[in-house]
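# Remarks on the overall topology
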Amino acid sequence: MTNPPRYQAPALKKGLEILELLATSEQALTMSDISGALGRSVGEIFRMLQVLEEHRYIARDDDGYRLTNRLFALGMGRPPVRDLTVTALPVMQGLARATGQSCHLAVASGAEMVVIAGVEAPGLSGFAVRVGYRRPLHRSNSGRVLLAFQPASIRAAMMTEVRETGGDIDPALDARLDALVAEGDAVTPSPMLEGITDLSAPVLEHGAARAALTVPFVAGRAARVSLDETRTLLRDAVRSISAQLQPTID
């Protein structure tokens, strides 16, 4: 038997339900959409929508309500995340200049990876992933790196969370993750666009992946170095970030 909650906060619960629903929706939702999805009357959610909009957690346009990036910005303001991005960005900028490619930094967020920082390619062409982009951990190069470079118990817990969200996990995924650890990074043709190879490597802190740094490598005249050279520079970059996150004391 599940114990009832110790405290009740109906209004807060409604607000959180709305935010969680909009966070999982790929398109704007009308008031009727939200009402139907949550099983609540329009009257129940009307005032909550007004308050959330007033505080800029959601925004309304002709198509309905969307989640803004306010929650993401609040999360980014936490000292551990801010420390990671402040440390990583100068290194990422150097990597982009040296390779002629864009790069982005992702962390685990529940069963997904989320991009928290990005640097665009310095030339006129290139492929960049926007900050805030999310994808299931097991379905992206960055996410698999985040899964792979973890202690066994943490990896198992993360995999359980993926399964609980309905993720269809390949039975061979564990072996694939072990192979990534042995290799030290991941090199995979992009599942989204032809002609792009995703290169991902872990930013390690105390032996576990705190983040994954990824270069969506685009071959062509804009590339300043080869794919293999980019891979070497990427490895150098994550080692540099990791070392700054874990300074040694002489």
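Given the structure is predicted, the values throughout are model-derived calculations rather than measurements.

Counting 26 residues, the largest nonpolar core has Met 92, Leu 105, Leu 213 and Leu 234 as the members making the most contacts within it. When residues of this core are traced back to their parent elements, those giving at least two are α5 (79-99), β3 (103-109), β4 (112-119), β7 (196-205), β8 (208-218) and α9 (227-245). Take this core: its biggest share by element is six residues, from α5. In this structure, Leu 146, Met 158, Ile 169 and Leu 173 belong to the second largest nonpolar core, which totals 21 residues.

Let us now look at the pattern of salt bridges. Side-chain pairs of opposite charge can arise whenever the charged atoms involved come near each other. Taken as a whole, this structure holds 13 salt bridges when the rule is applied. Salt-bridge contacts for Glu 53 lead to Arg 60; the nearest nitrogen and oxygen are separated by 3.5 Å. Across the salt bridge formed by Arg 231 and Glu 183, the nearest N and O atoms sit 3.0 Å from each other. Of this pair, Arg 231 sits in helix α9 while Glu 183 sits in helix α8 (residues 173-183); the two residues are 48 residues apart in sequence, bridging distant segments of the chain. Under the relative-accessibility criterion, Glu 183 is labelled partly exposed at 44%.

Conventions adopted
Residues numbered from 1 in each chain as written. Predicted model: local features only at pLDDT ≥ 70, side-chain atom pairs only at ≥ 80, totals over all residues. Heavy atoms only, no water. Core = buried A, V, L, I, M, F, W, Y, C linked by side-chain atoms within 4.5 Å. Buried < 20%, exposed > 50% of the residue type's maximum accessible area, 1.4 Å probe, protein only. Helix = DSSP H or I, 4+ residues; strand = E, 2+ residues; numbered from the N terminus. Salt bridge = Lys/Arg side-chain N within 4 Å of Asp/Glu carboxyl O.

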